[in-house]
Amino acid sequence: MTEKLGIQPIESETRTLADRVCDQIATAIVKGDLAPGQKISEPELARNYGISRGPLREAIRRLEGWRLVERKPHVGARVVELSARELIEIYRVREALEGMACRLAAEEMPQNEIDALRVLLDQHEAGVDQLDGRSYFQKEGDLDFHYRIVQGSRNGKLLELLGGDLYHLVRMYRYQFSVSSSRPKRALKEHRQIVDAIEARDPELAEMLMRRHISNARKNIEGKLKDPDE
């Protein structure tokens, strides 16, 4: 009925605008430009992104679904802020699930996807070098090394778990705890070792390297939580 009335194109345009703004706000949250716990001001965001409140509210609802924004009674919408315990729990879950995804990728990922992973890591290295090794920012989806590994596992349930509820939270903390440390270059080196193991079709090594990689990231976070100025 809406298509006959000519409403559908307008809705599609609105959704497209909401998509764009949602991605922009998500990037701002991941990079810490909108800090954990910060109140979401709709008028301010509408001015900053040059959009009306309708598409903005749709974008914020989507960010709530991604668990990057939470709404509390009598408080309003805020950028999510995890406790130290919740954060470490997420990394322990990642270690197990992404280790399994990497094992399966060593068995299932075709050579053309492995070649594409190497190209992606070359692009990541150029980005890290541009920032003098201070941070390692990965865009979402196909531009994210970890997402590509999970895709390569050919396991729908792993993709559902790691590409769903956990995904954007992991991106946020993965980036923010890599800033201003020696972690970015080490992480990139570990990524390359993981790809080598996948290409060698060594599932046990691939799983061990991914688990160690995420364990190293968790230990980096634990160190920063103990000493924020480090």
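Residues numbered from 1 in each chain as written. Predicted model: local features only at pLDDT ≥ 70, side-chain atom pairs only at ≥ 80, totals over all residues. Heavy atoms only, no water.

*Asks:* Summarise the nonpolar core; cite the residues concerned and give the values.
*Replies:* Counting 58 residues, the largest nonpolar core has Ile-149 and Ile-198 as the members making the most contacts within it. Top contributing element to this core by residue count: helix H4 (residues 84-108), with 9 residues. If we skip the residues at most four places from it in the chain, Ile-149 touches Ala-101, Cys-102, Ala-105, Met-109, Leu-117, Ile-194, Ile-198 and Met-210. (Core = buried A, V, L, I, M, F, W, Y, C linked by side-chain atoms within 4.5 Å. Buried < 20%, exposed > 50% of the residue type's maximum accessible area, 1.4 Å probe, protein only. Helix = DSSP H or I, 4+ residues; strand = E, 2+ residues; numbered from the N terminus. Contact = heavy atoms within 4.5 Å.)

*Asks:* Go over the packing of helix H2 (residues 42-49) against helix H3 (residues 53-65), please, and point to the residues and values.
*Replies:* Where H2 contacts H3, the two axes come as close as 10 Å, and the packing angle between them is 110°. Taken together, the axis directions place H2 and H3 in an arrangement best described as roughly perpendicular. The residues of H3 that touch H2, namely those facing Glu-42, Pro-43, Leu-45 and Ala-46, are Arg-53, Leu-56, Arg-57 and Ile-60. Broken down by class, the residue content of the contact of H2 with H3 amounts to 5 nonpolar, no polar and 3 charged. (Axes fitted to C-alpha atoms, helices over the stretch in contact; angles between N-to-C directions. Parallel < 35°, antiparallel > 145°, perpendicular 65-115°, else oblique. Nonpolar A, V, L, I, M, F, W, Y, C, P; charged D, E, K, R; others polar.)

*Asks:* Describe the pattern of salt bridges, listing the residues and the values that go with them.
*Replies:* The full count for this structure, using the stated rule, is 18 salt bridges. Here Arg-57 makes a salt bridge to Glu-42, at a shortest N to O gap of 2.8 Å. Of this pair, Arg-57 sits in helix H3 while Glu-42 sits in helix H2, placing them 15 residues apart in sequence. Judged by relative accessible area, which is 40%, Arg-57 ranks as partly exposed. (Salt bridge = Lys/Arg side-chain N within 4 Å of Asp/Glu carboxyl O.)

*Asks:* Describe the pairing of strand S1 (residues 69-72), with residues and values.
*Replies:* Here S1 pairs with strand S2 (residues 76-79) via 4 bridges, running antiparallel. Bridge pairing links Val-69 to Val-79 in S2. Turn length for the S1-S2 hairpin, with the two strands adjacent in sequence and antiparallel, is 3 residues, and the turn residue His-74 shows positive phi of about 65°. (Pairing = 2+ DSSP bridges.)

*Asks:* Please give an account of the side chain of Glu-190 that cites residues and values.
*Replies:* Mapping Glu-190 onto the fold places it in helix H9 (residues 183-199). Beyond its immediate stretch of four places on either side in the chain, Glu-190 contacts Arg-183, His-213 and Asn-216.

*Asks:* Talk me through H9; I want residue IDs and the actual numbers.
*Replies:* Across its 17 residues, H9 extends 24 Å between first and last C-alpha, which sits within 8% of the 24 Å expected from 1.5 Å per residue. Arg-201 occupies a position one or two residues after H9 and carries a positive phi of about 55°. (Expected span 1.5 Å × (residues − 1).)

*Asks:* Pulling in residues and values, what's your account of the packing of H9 against helix H10 (residues 203-226)?
*Replies:* At a closest axis distance of 8 Å, the pairing of H9 and H10 adopts a crossing angle of 165°. Taken together, the axes of H9 and H10 are roughly antiparallel relative to one another. By crossing handedness, the relation of H9 to H10 is classed as left-handed. Counting all contacts with H9, which are made through Arg-183, Ala-187, Glu-190, His-191, Gln-193, Ile-194, Ala-197 and Ile-198, the residues of H10 involved are Leu-205, Ala-206, Leu-209, Met-210, His-213, Asn-216, Ala-217 and Asn-220. (Left-handed = near helix turned anticlockwise from the far one by under 90°.)

*Asks:* Tell me about the confidence of the model for the chain, and please be specific about residues and values.
*Replies:* For the chain, per-residue confidence averages 82 on the pLDDT scale, and 82% of positions sit at 70 or higher. Element-level mean pLDDT values for the chain span from 71 in helix H1 (residues 8-31) up to 93 in H4. Confidence over residues 1-14 falls short of pLDDT 50; this stretch has 6 contacts with residues more than four positions distant or in other chains. (pLDDT = per-residue confidence, 0-100.)

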